[in-house]
Amino acid sequence: MDASVQHEQATIPDGEKLSAVMQTIAEHKGCGTSGGSGKASCGSGAGQNDLPPDIWEKVKNHPCYSEEAHHHYARMHVAVAPACNIQCNYCNRKYDCANESRPGVVSEKLSPEQAAKKVLAVASTIPQMTVLGIAGPGDPLANPEKTFKTFELIAKTAPDIKLCLSTNGLALPDHVDTIAGFNVDHVTITINMVDPEIGAKIYPWVFWKHKRYTGVEAAKLLTDRQLQGLEMLTERGILCKVNSVMIPGVNDKHLVEVNKAVKSRGAFLHNIMPLISSPEHGTVFGLTGQRGPTAQELKALQDECEGEMNMMRHCRQCRADAVGLLGEDRSAEFTTDKIMAMEVNYDIDSRKAYQAAVEEERVAKVVAKQEELASLAGQSSDIKLLVAVATKGSGLINEHFGHAKEFQVYELSTAGAKFVGHRRVDLYCQGGYGDEDSLETVIRAINDCHAVFVAKIGGCPKSDLLAAGIEPVDQYAHEFIEKSAIAWFKDYLEKVNSGEMAHVVRGDAEIRQGALISVA
Amino acid sequence: MTLKIIASQCTSCSACEPECPNVAISEKNGTFVIDPKKCTECIGHFDEPQCAAVCPVDNTCVIDTSYPRYQPPA
Ligand code: SF4
Ligand code: SF4
Ligand code: SF4
């Protein structure tokens, strides 16, 4: 649909009549988002390599999958799907679902009508919110009516919002046609194994066709259905991402096999996430003391699979956080009571204008990075190191060290700056460890980094960081991350080459355990 | 007999509700309950009680021995 005929303001009144009103709102189905400028270069950190051109077209500016777009857009999840049809040893259903949202806080259940209104309210207030996901708290496809009703309501009023869902895959083959019919933008399947013997250690049972299956039989059923569903989706041209939870000693080596199996069936991204298990979550793995991987183990496995396929490193393993994107937690503005009482004006035009401005900023950022990268040309060195960045988004170094809830980690080499992941530190500051220790725990989380880039930092933490061998860098405050990191790296190399200082290899870091606390 | 749901263990995940062939399960005050007048232990429908088979919390959908055994119609 042409943007000029798309002007449409939907006013959503209070209360029960929501769905009735939505039915009457003019149909906008069929028009996607305006898409990106098409100019931004880097996709998910890897190149076009083995993706078919039409898939690459969809991915390169995708807010979830282009790591560079990821800094500018946000998605939110709504908890409309409480039931599940399998049991995973890393899940305690008293709390939110695993899959990619694992672990979560106990979230309030929403009806499809409440969920749709919440999405529209958030999207009207936060124009970066462009993707809506349903991932739990159970399995969206174990709750097909609720999941698809929510999609239906949102697609009617807000056709520019991309829809996605995450599933364990057991019920997937039964719903592929409905998913295609709703124009669902992408599907995430959590696949932790392709070998039922290994699967039996991860899944105690599955419920399928009125029967509970256990052990190897259950895992065989699950893996067959997952791979079949994946094939069916990619045949229909729907983007498929695969998530895998890395469980040391159970499936860590095997995930290389999984990587091959999902790649050959057309998954375009494979996201390996660390197992998060601590006894207080009450999961089987938490109680048996199954540990999660260290940052180094995780990165080694991701590197091993990267040659095979695009790897996604910017996954935060959280309830994705449109409401938290602005750097301050706005959850209090979007409680169900407040939303149901709100008048929502969903204005597509103002959202488009905002997004166009974001596109300009993205292009500027890429140009800046490329200019800086050009200045690195001619340098050659084997040195590869990590740096941490405090950012609130927009690709800028714009967060105060003491306020950072997470750090973005980049790997620097003469090839440039590559985003390799997030390190969360929020939990350390809240409870459990106490304030005095919070600095120490931040240092543990970024202990493998040579430097930390911040907008501002106090004198005390500065000297503690230096003592730990991490250089606090504040001279690039409010500048583009990649450009600044490359500039800093150039200086670093010069100092090493001139003998002014020696390059030292840093140790491993801890992966924090726990959930990002956010409502959306 | 009938099955009952131990309310203190129920996570309110709702998984059991659509599985019941007799529509015996509903939500009440935040947890799910089985109507003993409707429950047939799934006899005549399935090999195992569906609510117990799908429930994520072991020993939450259990036989309620305070009721007489369900008699399938002859
Ligand atoms: S699929 Fe999700 S909700 Fe179901 S048991 Fe696994 S982690 Fe839990
Ligand atoms: S045992 Fe069968 S009939 Fe009885 S409540 Fe459970 S699912 Fe329904
Ligand atoms: S399946 Fe079990 S936990 Fe879920 S609502 Fe039913 S009784 Fe409660």
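As shown above, the structure is provided for reference.
Novice: How should I be thinking about the overall build of chain A in this particular structure?
Specialist: A tally of regular secondary structure across chain A gives 17 helices and 16 strands. Across the 520 residues of chain A, 61% fall into the buried class. Within chain A, contacts between residues at least 6 apart in sequence are counted, and of these 74% link residues at least 24 apart. Summed over all atoms, the accessible surface of chain A reaches about 19,500 Å², with 51% contributed by carbon and sulfur.

Novice: Could you clarify how one ought to interpret the pattern of salt bridges in this entry?
Specialist: Side-chain pairs of opposite charge can arise whenever the charged atoms involved come near each other. Residue and element names in this part refer to chain A. Under the counting rule described, the total for this entry stands at 14 salt bridges over all chains. Its salt-bridge partner being Glu411, residue Lys299 comes within 2.8 Å of it at the nearest N-O pair. One end of the pair, Lys299, is in helix H11 (residues 295-306); the other, Glu411, is in strand S13 (residues 406-413), and 112 residues separate them in sequence. The salt bridge involving Arg423 is made with Asp448; its shortest N-O contact spans 2.9 Å. One end of the pair, Arg423, is in strand S14 (residues 416-424); the other, Asp448, is in the loop between helix H15 (438-445) and strand S15 (449-453), and 25 residues separate them in sequence. Arg423 sits in the buried class, given a relative accessible area of 12%. Residue classification places Asp448 among the buried residues on the basis of a relative accessible area of 9%. Each member of the salt-bridge network shares a partner with another, and the members are Lys149, Glu152 and Lys156.

Novice: Explanation requested: the sheet that holds strand S12 (residues 385-389) of chain A in the structure shown.
Specialist: Within a sheet, each strand pairs with its neighbour through backbone hydrogen bonds, oriented either parallel or antiparallel. Residues and elements named next belong to chain A. The sheet built from five strands is open, its strands ordered S14-S13-S12-S15-S16 with mixed pairing. Either end of the sheet is taken by a strand with one partner, and the two such strands are S14 and strand S16 (471-473). Recorded for the sheet is a direction-independent mean angle of 25° between the axes of neighbouring strands. Pairing between S13 and S14: eight bridges, direction antiparallel. What sits directly across from Phe407, in S14, is Arg423.

Novice: Just to check I follow, could you spell out the interface of chain B and chain A for this structure?
Specialist: Accessible area lost during the coming together of the parts is what is often quoted as the interface size. The interface is formed by 18 residues belonging to chain B together with 14 residues belonging to chain A. For the chain B and chain A pair, buried surface summed over both sides reaches about 1,200 Å², with 49% attributable to carbon and sulfur atoms. Together, Glu48, Ala53 and Pro56 of chain B form the three largest contributors to the area buried by chain B at its contact with chain A, with a combined 29%. Measuring nitrogen to oxygen at the nearest pair gives 3.9 Å for the salt bridge that ties Arg212 of chain A to Asp58 of chain B. Here chain B and chain A share six residue pairs in polar contact (both at pLDDT 80 or more) between them. Among the residues making up the side of chain B that touches chain A, the classes are represented as eight nonpolar, six polar and four charged.

Novice: How do you make sense of the packing of helix H13 (residues 348-376) of chain A against helix H17 (residues 481-497) of chain A when you look at a structure like this?
Specialist: Describing two packed helices takes the angle between their axes plus the distance from one axis to the other. Residues and elements named next belong to chain A. Close contact between H13 and H17 brings their axes to 8 Å; oriented N to C, the two are set at 15°. Between H13 and H17, the angle falls in the class roughly parallel. Read as a crossing pair, H13 and H17 show a hand that is left-handed. Contacts between H13 and H17 pair Lys365, Ala368, Lys369, Glu372, Leu373, Ser375 and Leu376 from the former with Glu482, Lys483, Ile486, Ala487, Phe489 and Lys490 from the latter. The residue inventory of the contact of H13 with H17, partitioned by class, reads six nonpolar, one polar and six charged.

Reading the values: the criteria
- Residues numbered from 1 in each chain as written.
- Chains lettered and ligands numbered in written order.
- Predicted model: local features only at pLDDT ≥ 70, side-chain atom pairs only at ≥ 80, totals over all residues.
- Heavy atoms only, no water.
- Helix = DSSP H or I, 4+ residues; strand = E, 2+ residues; numbered from the N terminus.
- Buried < 20%, exposed > 50% of the residue type's maximum accessible area, 1.4 Å probe, protein only.
- Contact = heavy atoms within 4.5 Å.
- Areas by Shrake-Rupley, 256 points an atom, 1.4 Å probe, with all protein chains shown as cover.
- Salt bridge = Lys/Arg side-chain N within 4 Å of Asp/Glu carboxyl O.
- Pairing = 2+ DSSP bridges.
- Axes fitted to C-alpha atoms, helices over the stretch in contact; angles between N-to-C directions.
- Buried area = accessible area lost by both parts, 1.4 Å probe.
- Polar contact = N/O pair within 3.5 Å; in protein donor to acceptor, adjacent residues only side chain to side chain.
- Nonpolar A, V, L, I, M, F, W, Y, C, P; charged D, E, K, R; others polar.
- Parallel < 35°, antiparallel > 145°, perpendicular 65-115°, else oblique.
- Left-handed = near helix turned anticlockwise from the far one by under 90°.

The analysis is restricted to geometry; functional conclusions fall outside its scope.
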